[in-house]
Amino acid sequence: MFYFRGCGRWVAASFTKQQFPLARLSSDSAAPRTPHFDVIVIGGGHAGTEAATAAARCGSRTLLLTHRVDTIGQMSCNPSFGGIGKGHLMREVDALDGLCSRICDQSGVHYKVLNRRKGPAVWGLRAQIDRKLYKQNMQKEILNTPLLTVQEGAVEDLILTEPEPEHIGKCRVSGVVLVDGSTVYAESVILTTGTFLRGMIVIGLETHPAGRLGDQPSIGLAQTLEKLGFVVGRLKTGTPPRIAKESINFSILNKHTPDNPSIPFSFTNETVWIKPEDQLPCYLTHTNPKVDEIVLKNLHLNSHVKETTRGPRYCPSIESKVLRFPNRLHQVWLEPEGMDSDLIYPQGLSMTLPAELQEKMITCIRGLEKAKVIQPGYGVQYDYLDPRQITPSLETHLVQRLFFAGQINGTTGYEEAAAQTESCSVARLECSDMISWVQEILLPQPSLVAGTAGMHHNTQLIFAFLGVIAGINASLRVSRKPPFVVSRTEGYIGVLIDDLTTLGTSEPYRMFTSRVEFRLSLRPDNADSRLTLRGYKDAGCVSQQRYERACWMKSSLEEGISVLKSIEFSSSKWKNLIPEASISTSRSLPVRALDVLKYEEVDMDSLAKAVPEPLKKYTKCRELAERLKIEATYESVLFHQLQEIKEVQQDEALQLPKDLDYLTIRDVSLSHEVREKLHFSRPQTIGAASRIPGVTPAAIINLLRFVKTTQRRQAAMNESSKTDQYLCDADRLQEREL
Amino acid sequence: MENEGLKTSPRCNLHCPVPSSVLSSVPYSYCQPRCARTLKIWSHVARGTTFRYTYLHSASRSLSPLHQPMEARIFRLWAGRILRLCTRRSSGAPAPGSGATIFALSSGQGRCGIAVIRTSGPASGHALRILTAPRDLPPARHASLRLLSDPRSGEPLDRALVLWFPGPQSFTGEDCVEFHVHGGPAVVSGVLQALGSVPGLRPAEAGEFTRRAFANGKLNLTEVEGLADLIHAETEAQRRQALRQLDGELGHLCRGWAETLTKALAHVEAYIDFGEDDNLEEGVLEQADIEVRALEVALGAHLRDARRGQRLRSGAHVVVTGPPNAGKSSLVNLLSRKPVSIVSPEPGTTRDVLETPVDLAGFPVLLSDTAGLREGVGPVEQEGVRRARESCNFLATVVASVGAQSPSDSSQRLLLVLNKSDLLSPEGPGPGPDLPPHLLLSCLTGEGLDGFLEALRKELAAVCGDPSTDPPLLTRARHQHHLQGCLDALGHYKQSKDLALAAEALRVARGHLTRLTGGGGTEEILDIIFRDFCVGK
């Protein structure tokens, strides 16, 4: 499925600086040698770029294989990053030194913090991104990453070898075969592409394959994965039409200006590149009863919607909104696609009606009366690999050293199709080309590829994060270090990966803050304290500079909090010092400065004015002052959450052996159903096992008892005969005397 | 209504139409935990032997008939823990954190000379000091006699043996304290309440002690190997226990509150997650506020009421039921050895459910006298009959039914007693041969009483020997603790200006309620959000 052109053309930048990767290819070596890398990343989308750079940051010689270097950094349909819950993920990517947050800050055209009034724990950092700038900046970054080589090429197959006996898995991946027959060897391989995609585009009653039908050779990889026994599911989603900017009457619409000042995504940035006053506005309009009418009258022309019986619980398209919540006005956000783009993205208008009806519907909407649809919206159905087949470190259960990032959750894969599909990419660059592409799409021509698709804007982020984790773990696997797993108690990414890998997904996964148990502890402001230090120590993916900054911030915060706790005055004295605060003077006990800081009207500045010594120094760094205020706000609750977190971590510490064959183990009474569930999800801890629906408490206890007994016996046996090899042999587990 | 269910035995001089539907609807439930057998083990404790699980284990194994309930209990503890694990994901459940200090009545409920109350956690020493003030901590691992008093009122509670086990050399590996108090319900409940008032202490969840011991390497699961089969039965028993705790009005109330709270929380969560990206209708928060306020009022009223009015449901429930004028009240009076009910030769004398706590063969029993089951004459008696039926539905564990009847296929424990055996002519024919197993008794002459008591004792032993029920004292303490916790959290909700904090307060409040009712996952919240709001794009 890889589109390749000029396969074998090495495009690596900066390899002159490095001693490793290409030295092995050099012609002066005695025999023709196959290139050998630590990590190969297949696919150059969000997940691929994050994975490749993360692996390279961890010190692995990394090869990024993509079908075309000039599509690296191509954004999927919705040119925005962040949002409520998703902004947290952005911060966490950045805390691990991931790319996308930094690149966004260089390319954002509309910054806005959502939920401003609802408390800093649920602030949603969000930005509209300029596609062109993002792509330029991303390519610059990728091609300048040390240890990273980028090659254009399509992967035909995986090279599989004997498994390592101490790990589970049928076999081990040791490299890839390219379409031209050449081979590249590597210690770990990360798959981030839509190999399995089988995407279908749906407009009205027509369906078109989104992918390359005639491209026989690329099926090899898909077939290999299928043969290995990976389970595939099918999901659907959609994208809105694109509207020509000049055809919209903005003057009658509700204008939303960006925040001033902009809050950058990255901890390392004080400001963003494009100044708030230069940023672009968004506009808000609403649907009306006429829209409902068009949808309801034409349901028979809408095969995508007809089939949405098992669609997501939320409303992904305007059709589902109208059907499930009739007689309401639904929001439509008109978002810019870039500084010099002529396109507007009408968020909230995903639809799969026939193209002519789409235009009819859009012109019913206020402000869009004369709107010109440049590209119709459409639905997409596609395959995804069931995420329960991977571990929390994103390695597959079946194939050792093979990592998945991307397409393992619903909406993935899509975007890869966009990046892989040449005609589409070209079409996206130029508006005129896009028009022709759209026309092509409407006429069924299998030879032409339609891969671009509408992802939820959070999905690219989810990829990006999975990419970072996969990259880190692929690299750690090479150096035989323990995997880097983020738990539910450490970050939104932990919640995301745990939800996906233990529960799977039946609808495109969306990140909500309500999914997070420890929401008040896992905030956008403290992502660096949570992850940067761990990323530096356990994974080595964080730069020294960032690490030092995070350390300084952490120690300053701790110091600041203890100073604030130590300052105590009577409430009446506080009242005199800070008259604007509504401090009640009824309490006779002395009040700590930290408690005063909890009042909405008080911030570090006013506190420092009242008590200049020793508080003044904490106002010098704006970020520090703001974070102290946030810590004070949540102080009382955080103490209790810490206790709970400890308890959850205890459950997570009860590890289950990775090589347990749930289907065949004897001496433990588990129902067949439970065995299958455990076999499929392969939980790593008792905590994770207990979260799998259908695994009963009795089963958990049985399992725990069994594992304990086995461990003890195993220890005894190891003691008696340490050379007893077959003990370690996972394949012969069943024959073992249990 | 039960006319079709009537069955009379023509040869029996007691014509007893017994509606079988009433009897078959009586649920089979456990009531009473451990009894005398566990006392034996505690007596070791009383003599100052260190209370260690391993010790108990071997002791119980050597006493083979005794070992089952003990070990079953260990498993139940685990099952409870894991059950909660499986239902975790509810956010903000009140912390069973390793940092919290827990307390529980460790010995059984009921008549025992000594009751053992244990605490585990960092605040144990503090709690001991507070309860035994002004004296300091006793020497570690030595039994010392101390006067326990309520820290709030200073009222003396009991003279008790206290043992102080500083961690890690303790059962759980944490700081532990044992109070060996006199076994009366008042003392036990007083000490439990006093402990509950110490900041940082909360009632233990089922299995928490064992879990902590396991987490701290004090307990190896293989020690309870071989009991896997019990677990299915145990989880089932636990489910029943939860049902029992929550049957009746209180359970209904709790579930209703939990539902309201879940909905309010879902709406607040929706407002946080979708308020700005998607358009929610106006007034989502205001609606939630109104619901929370109403809930607060209801909870507050209930809690104030509960302290006075909630009858302690201690002991097995024995309901005496049967046709009018069969002599039910006479039997109750006979069993309780005092005139509880008015007796008269007139049918329909008892018109209400009369409950009296009695001691039957060493088991604490709540004996209920009911109105005779017949189509009542007046509205008062009809109400009495309705209550009698209800009491069978909810309370009955052992039904001592006076009169002939067909016990049908019901699974509840049933003891069929035929009264007025003195009226049978000695040489005449006995009761019908087609009657199920029954006992003959004469309340008037006392004939057959010994046999009846022996049969009743067997029934009670079968019921009370079940280890799966929590002592009602503790159950009540738990209810109160969680309802109060819920109420406090709702107070925080009102005060919070920061919406994230307010939502957290609701999460905590819901966590408290779902500890009582079960359930409480995140998906429930998401389901409500997606059902009630048009979100997503």
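Residues numbered from 1 in each chain as written. Chains lettered and ligands numbered in written order. Predicted model: local features only at pLDDT ≥ 70, side-chain atom pairs only at ≥ 80, totals over all residues. Heavy atoms only, no water.

J.: Tell me what's going on with the overall build of chain B, and back it up with residues and numbers.
T.: Of regular secondary structure, chain B possesses 16 helices and 12 strands. Across the 537 residues that make up chain B, the buried fraction comes to 58%. At a minimum sequence separation of 6, the contacts of chain B that also span at least 24 residues come to 67%. Accessible area of chain B: about 21,400 Å², with a carbon and sulfur share of 55%. (Helix = DSSP H or I, 4+ residues; strand = E, 2+ residues; numbered from the N terminus. Buried < 20%, exposed > 50% of the residue type's maximum accessible area, 1.4 Å probe, protein only. Contact = heavy atoms within 4.5 Å. Areas by Shrake-Rupley, 256 points an atom, 1.4 Å probe, with all protein chains shown as cover.)

J.: Tell me about the overall build of chain A, and please be specific about residues and values.
T.: Regarding its fold elements, chain A presents 24 helices and 23 strands. When burial is assessed residue by residue, chain A has 63% of its 738 residues classed as buried. Taking as baseline every contact in chain A between residues at least 6 positions apart, the subset at least 24 positions apart corresponds to 75%. For chain A, the accessible surface area stands at approximately 27,200 Å², while carbon and sulfur atoms represent 53% of it.

J.: Which residues make up the pattern of salt bridges, and what values go with them?
T.: Scanning all chains against the criterion turns up 42 salt bridges over all chains. Through salt bridges with shared partners, a single ionic network connects A:Glu164, A:Glu166, A:Glu187, A:Glu395, A:Arg401, A:Arg477 and A:Arg480. (Salt bridge = Lys/Arg side-chain N within 4 Å of Asp/Glu carboxyl O.)

J.: Tell me about a negative patch on the surface, and name the residues and values.
T.: Residues and elements named next belong to chain A. There is a patch of like negative charges on the surface, built from Glu-580, Glu-600, Glu-601, Asp-603 and Asp-605. Looking at the element boundaries, Glu-580 is found in the loop between helix 17 (571-577) and strand 23 (591-592). Given the relative accessible area of 47%, Glu-580 is considered partly exposed. (Patch = residues over 30% accessible without salt bridge, like charges linked within 9 Å, V, L, I, M, F, W, Y side chains within 5 Å. Lys, Arg positive; Asp, Glu negative; His and termini not counted. Charge placed at Lys NZ, Arg CZ, Asp CG, Glu CD.)

J.: Now, about the packing of aromatic side chains: what can you tell me, with residues and values included?
T.: Scanning all chains against the criterion turns up 9 aromatic pairs over all chains. Taken together, the aromatic side chains of A:Phe512, B:Phe274 and B:Phe530 make up a single cluster linked through ring pairs. Residue placement shows A:Lys118 over the ring face of B:Tyr271; its charged tip is 4.1 Å from the ring centre. Just above the ring of A:Phe569 sits the side chain of A:Lys573; from NZ or CZ to the centre is 3.8 Å. (Phe/Tyr/Trp six-rings, centres within 6.5 Å; stacked < 30°, edge-to-face > 60°. Lys NZ or Arg CZ within 6 Å of the ring centre and 35° of its normal.)

J.: So what's going on with the pairing of strand 4 (residues 108-114) of chain A? Residues and values would help.
T.: Residue and element names in this part refer to chain A. With 6 of 7 residues buried, strand 4 is to be regarded as a mostly interior element. Looking at chain direction, strand 4 and strand 5 (residues 124-129) are connected through 6 bridges and run antiparallel. What sits directly across from Gly-108, in strand 5, is Ile-129. (Pairing = 2+ DSSP bridges.)

J.: Hey, could you go over the pairing of strand 19 (residues 378-385) of chain A for me, with residue numbers and the actual values?
T.: Residues and elements named next belong to chain A. The element strand 19 is largely enclosed, with a buried count of 8 among its 8 residues. Alternating residues of strand 19 divide into Tyr-378, Val-380, Tyr-382 and Tyr-384 and Gly-379, Gln-381, Asp-383 and Leu-385, and every residue in both groups is buried. One ladder, built from 8 bridges, connects strand 12 (residues 232-239) with strand 19; its direction is antiparallel. Its bridge partner lying in strand 19, Arg-234 is registered against Asp-383.

J.: Describe in detail the packing of helix 15 (residues 527-539) of chain A against helix 16 (residues 544-566) of chain A, supporting the description with residues and values.
T.: All names here are of chain A. Running from N to C, helix 15 and helix 16 point in directions that differ by 135 degrees, and their axes come no closer than 9 Å. Judged on the interaxial angle alone, helix 16 and helix 15 are oblique. Considering how the two elements wind past one another, helix 15 and helix 16 form a crossing that is left-handed. Listed contacts from helix 16 to Asp-528, Ser-529, Thr-532, Leu-533, Tyr-536 and Lys-537 of helix 15 are Gln-544, Arg-546, Tyr-547, Arg-549, Ala-550, Cys-551, Met-553 and Lys-554. For the contact of helix 15 with helix 16, the class distribution of residues is 6 nonpolar, 3 polar and 5 charged. (Axes fitted to C-alpha atoms, helices over the stretch in contact; angles between N-to-C directions. Parallel < 35°, antiparallel > 145°, perpendicular 65-115°, else oblique. Left-handed = near helix turned anticlockwise from the far one by under 90°. Nonpolar A, V, L, I, M, F, W, Y, C, P; charged D, E, K, R; others polar.)

J.: A description of the confidence of the model for chain B should follow, citing residues and the corresponding values.
T.: Residues and elements named next belong to chain B. Taken as a whole, chain B shows an average pLDDT of 67; of its residues, 57% reach a score of 70 or greater. Predicted confidence is poor over residues 1-76, with pLDDT under 50, and the contacts of this stretch with residues over four places away or in other chains come to 164 contacts. Counted against residues more than four places away or in other chains, residues 465-474, with its pLDDT under 50, gives 43 contacts. (pLDDT = per-residue confidence, 0-100.)

J.: Hey, could you go over the nonpolar core for me, with residue numbers and the actual values?
T.: Counting residues in hydrophobic clusters, the biggest one holds 97 residues, and the most contacted among them are A:Ile40, A:Val176, A:Leu402 and A:Ile472. By size, the runner-up hydrophobic cluster in this structure holds 51 residues, among which are B:Ala264, B:Leu483, B:Leu499 and B:Leu506. (Core = buried A, V, L, I, M, F, W, Y, C linked by side-chain atoms within 4.5 Å.)

J.: I'd like a rundown of helix 15 of chain A, residues and numbers included.
T.: Residues of helix 15 of chain A that are buried: A:Ala527, A:Asp528, A:Arg530, A:Leu531, A:Thr532, A:Leu533, A:Arg534, A:Gly535 and A:Ala539. Backbone geometry just downstream of helix 15 of chain A places A:Gly540 in the positive-phi region, at approximately 70 degrees.

J.: Give a detailed account of helix 1 (residues 46-57) of chain A, specifying residues and quantitative values.
T.: Residues and elements named next belong to chain A. Look at helix 1: 16 Å from first C-alpha to last across 12 residues, which is about the 16 Å you get at 1.5 Å a residue. Counting buried residues along helix 1, 11 of its 12 residues qualify, which places the element largely inside the surrounding structure. Buried residues of helix 1: His-46, Ala-47, Gly-48, Thr-49, Glu-50, Ala-51, Ala-52, Thr-53, Ala-54, Ala-55 and Ala-56, and no others. Gly-59 sits one or two residues past helix 1 and shows a positive phi near 100 degrees. (Expected span 1.5 Å × (residues − 1).)

J.: Break down unusual backbone geometry for me, with residues and values.
T.: Going from A:Asn260 to A:Pro261, the amide bond is cis rather than trans, its omega being 5 degrees. Its place among the elements puts A:Pro261 in the loop between strand 14 (254-256) and strand 15 (282-286). Looking along the chain, the bond that leaves B:Gly167 and enters B:Pro168 is cis, with omega of 0 degrees. With respect to the element layout, B:Pro168 can be found in the loop between strand 4 (156-165) and strand 5 (176-182). One non-glycine residue, A:Asn327, adopts positive backbone phi at about 60 degrees. Overall, A:Asn327 belongs to the exposed group, its relative accessible area being 72%. Here A:Arg682, not a glycine, exhibits a phi torsion of approximately 45 degrees, which is positive. With respect to the secondary-structure elements, A:Arg682 resides in the loop between helix 22 (672-681) and helix 23 (686-691).

J.: Describe in detail the sheet that holds strand 18 (residues 373-375) of chain A, supporting the description with residues and values.
T.: Residue and element names in this part refer to chain A. Read across the open sheet, the 6 strands follow the order 14-15-16-17-13-18; overall the sheet is antiparallel. If you trace the sheet from one side to the other, it starts and ends with strand 14 and strand 18, each paired once. Taken pair by pair, the neighbouring strands of this sheet meet at an average axis angle of 35 degrees, ignoring direction. With 3 bridges joining them, strand 14 and strand 15 adopt antiparallel strand pairing. Among the inter-strand pairings, Lys-255 is bridged to a residue of strand 15, identified as Tyr-283.

J.: Any details on the sheet that holds strand 3 (residues 80-82) of chain A? Residues and values, ideally.
T.: Residue and element names in this part refer to chain A. Overall, antiparallel pairing links the 3 strands, which are arranged 3-5-4 in an open sheet. Either end of the sheet is taken by a strand with one partner, and the two such strands are strand 3 and strand 4. The average angle at which neighbouring strand axes cross in this sheet is 15 degrees, direction not considered. Together, strand 3 and strand 5 form the strand contacts of helix 2 (residues 86-95), whose direction differs from that of strand 3 by roughly 85 degrees.

J.: An account of the packing of helix 2 of chain A against helix 3 (residues 100-107) of chain A is requested, with residue identities and associated values reported.
T.: Residues and elements named next belong to chain A. As a packed pair, helix 2 and helix 3 sit with axes 8 Å apart at the nearest point and diverge in direction by 110 degrees. Relative to helix 3, the element helix 2 lies roughly perpendicular. Contact with helix 2, carried on its side by Met-90, Val-93 and Asp-94, involves Cys-100, Ser-101, Arg-102 and Cys-104 of helix 3 and no other residues of that element. Taken together, the residues that form the contact of helix 2 with helix 3 break down as 4 nonpolar, 1 polar and 2 charged.

J.: Summarise the confidence of the model for chain A; cite the residues concerned and give the values.
T.: All names here are of chain A. Per-chain confidence: chain A averages 78 in pLDDT, with 80% of residues scoring 70 or above. Here residues 408-458 is modelled with pLDDT under 50, and outside its nearest four sequence neighbours on either side it reaches 161 contacts, counting other chains as well. Low pLDDT, under 50, characterises residues 722-738; the stretch is placed with 28 contacts to residues that sit more than four places away or in other chains.

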